[in-house]
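Geometric and topological summary
Single-letter residue listing:
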There are 2 protein chains.
Amino acid sequence: MSSNPLGEHEIIRIIQSRLTPMPDMPVPFGDDVSAISLGTQTAVLKTDMLVGKTDVPMGMSLFAVARKAIVMNVSDLASKGVVPTAVLAAIGLPKALATKEAVTEIAEGLNAGAREYGAYVIGGDTNETSDLIISISVFGTTLNNPTLRSGAKVGDILAVTGLFGKSAAGLRLLLRDCQAPEEMRKKLVDAVYNPKARLCEGLALCGGYVSASIDSSDGLAWSIHELSQQSGVGFLLDRLPVAVEAEEFAIQNGLDPAELVLYGGEEYELVLTVTPSRWVEAQARVQAVGGCLIPIGKATSTQQVRLDLDGKEVPVVARGWEHFKRQA
Amino acid sequence: MSSNPLGEHEIIRIIQSRLTPMPDMPVPFGDDVSAISLGTQTAVLKTDMLVGKTDVPMGMSLFAVARKAIVMNVSDLASKGVVPTAVLAAIGLPKALATKEAVTEIAEGLNAGAREYGAYVIGGDTNETSDLIISISVFGTTLNNPTLRSGAKVGDILAVTGLFGKSAAGLRLLLRDCQAPEEMRKKLVDAVYNPKARLCEGLALCGGYVSASIDSSDGLAWSIHELSQQSGVGFLLDRLPVAVEAEEFAIQNGLDPAELVLYGGEEYELVLTVTPSRWVEAQARVQAVGGCLIPIGKATSTQQVRLDLDGKEVPVVARGWEHFKRQA
């Protein structure tokens, strides 16, 4: 092979360029989910594959891995304000995992992940593969229009549904790059092993409270850049949503908390924009379901993503996790 | 690992036993597709994963591989009489295939496979894997009840939508176990590389013409046994649907044509049962779309699958392709 392998985004671009677009797609290519209009309602579909080699950190149980495979997909429906109804699981098992114990643990993780969000696993497929593969498809329907990545307007408030950095810190602990006291270690590693999809928050906000939305699984910085690009606006961040534990961890290990928050990935918060006139109501609706909506900046007309550091604006680089290239 | 790896059917049994069943599933676990009632219509979903190591015969182009990944899934919807509308493709690429040429070919194969059956690829996911993985999900809706595997009644006519044995012969040629003259070789290998789903036939028969139906991708014998088990009937076959080319190939290579026909697999015909009173109409409807419906036997009250060989009844063994175990 003479050339370097392509990065994930370039691969997706090539694939999309070769596909005949379905007429009147309710959600364009490249958003968090796909959708089909069924007349009065919209069917929403998402597929996301978990690969043992790249997506499973050290020490994670098969139960947690299978559950996470579902959470990854539910998170995308959550970001569009859509209830997941049904899950299909295509599973690739290496021979060593074709045992009663391993298969039982995977099945229980799938069931737990689906039931946690009100969905059911209704079918699937099993295969023999060299590495563990759990390829999930989630189906849901909605009477509303799914919230796209492209609707942010200048002046909209940029907000997130939680604080960031714990997963990135937990991952570094698992890779043994860093250290933390036992109690903090537990919390940070738990953020990696047991991610939660913000479904209640996404549903509380559906029906026009949000102008644009994405989930943060590819990292906060990448998600904000994606909203920027799809909506044709920029963003000025006036704060970084740093989790207390991530900040402490960063200080103790001589790391920059901003790095953990912006470029962590594998965090399943929603990153969204709200028209200022609906902000109070939006925040109240999320609080009513036990969540929080944290404002972190504003949409601007200059199409750049910048962070206000004590009055000095610095650019937030569009960097994120990408398969093949590792770093885009 | 002290024990042998489990077979595919045992793995599926364990998984199903650990899942909370969705209430009122229109299609039970273990049929060709899964389904969700949406009130006036039924949403139908199928996922099936193509794995490079086990599902791609020698010399098959990436275009053909990607197309086949779709055909495999469409065939299951065809067996239930459901139009495929949309396709999602979760792709795992080894680094060596992360090139513009390879990705383009895969995308074009996916698009061709979907468009051939009127569907569109509307989304997907890409990942880095050690082996090529194409995990397809197909979505469709129907106003009819999907035809299940469980509806065959004693006295129903057992029928297939085409002749068998070419894929099994083609595969042996590719594995260089056997030989064939060039023109026959082309036809047999084409049956492996370019399978067709019997969508027109399946749609022509929906609306109550068929009492039970399955696709033959796991082999004809296995499919008949599955109809038998799910419907609680037996079958007496009075003929084997042998393709001319398969018969010639078998004779030339000293093989049993029945082996190729019954235990080949990777053939995408429909295997179905029809009430005798609707047979003439059913056959006419399939002929009207350019297909054929070949009667091969009858459903019987003794729950066994037997073949009438010149007046002597011999049992048809329940054998088929199974991952992990290779032979069940």
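The present account deals with the structure reproduced in this document. Nothing here was measured: the structure is a model prediction, and the numbers come from that model.

Parameters at a glance
- Residues numbered from 1 in each chain as written.
- Chains lettered and ligands numbered in written order.
- Predicted model: local features only at pLDDT ≥ 70, side-chain atom pairs only at ≥ 80, totals over all residues.
- Heavy atoms only, no water.
- Buried < 20%, exposed > 50% of the residue type's maximum accessible area, 1.4 Å probe, protein only.
- Helix = DSSP H or I, 4+ residues; strand = E, 2+ residues; numbered from the N terminus.
- Arc of directions from axis to C-beta.
- Contact = heavy atoms within 4.5 Å.
- Phe/Tyr/Trp six-rings, centres within 6.5 Å; stacked < 30°, edge-to-face > 60°.
- Lys NZ or Arg CZ within 6 Å of the ring centre and 35° of its normal.
- Pairing = 2+ DSSP bridges.

Okay, helix α11 (residues 279-288) of chain B next. Residues and elements named next belong to chain B. Restricting attention to buried positions, one finds in α11 the residues Trp279, Ala282 and Val286. Taken down its axis, α11 places every buried residue within 65 degrees of arc, on the same side. Of the exposed residues in α11, those oriented more than 90 degrees away from the buried face are Val280 and Ala288. Lining the buried residues of α11 we find β6 (157-160), α7 (199-204), β9 (270-274) and β10 (294-300). Two residues or fewer after α11 comes Gly290, characterised by a positive phi angle close to 90 degrees.

Attention now moves to the packing of aromatic side chains. A complete count under the given rule lists one aromatic pair over all chains for this structure. Taking 5.6 Å as the distance between ring centres and 25 degrees as the angle between the ring planes, the aromatic pair formed by Phe139(A) and Phe139(B) counts as stacked. Within this pair, whereas Phe139(A) is found in strand β5 (residues 133-142), its partner Phe139(B) is found in strand β5 (residues 133-142), the two belonging to separate chains. One cation-aromatic arrangement involves Arg115(A) over Tyr120(A); the distance from NZ or CZ to the ring centre is 3.9 Å. Above the plane of the ring of Tyr209(B) lies Arg278(B), whose end atom (NZ or CZ) is 4.2 Å from the centre.

This part covers the environment of Leu19(B). Here Leu19(B) is to be found in the loop between α1 (8-17) and β1 (34-37). When near neighbours in sequence (up to four residues on either side) are disregarded, Leu19(B) contacts Ala107(A), Asn111(A), Val121(A) and Phe29(B).

The subject of this paragraph is the pairing of strand β9 (residues 270-274) of chain A. Residue and element names in this part refer to chain A. Among the five residues of β9, five are classified as buried, and the element is accordingly described as predominantly covered. Here β9 shows two buried faces, one formed by Leu270, Leu272 and Val274 and the other by Val271 and Thr273. Relative to β9, strand β6 (residues 157-160) runs antiparallel, the two being bridged by four bridges. Of the residues in β9, the one forming a bridge with Ile157 is Val274. Where strand β7 (residues 212-215) meets β9, four bridges bridge the pair, whose relative direction is antiparallel. The residue bridging Asp215 from the neighbouring strand is Leu270, located in β9.

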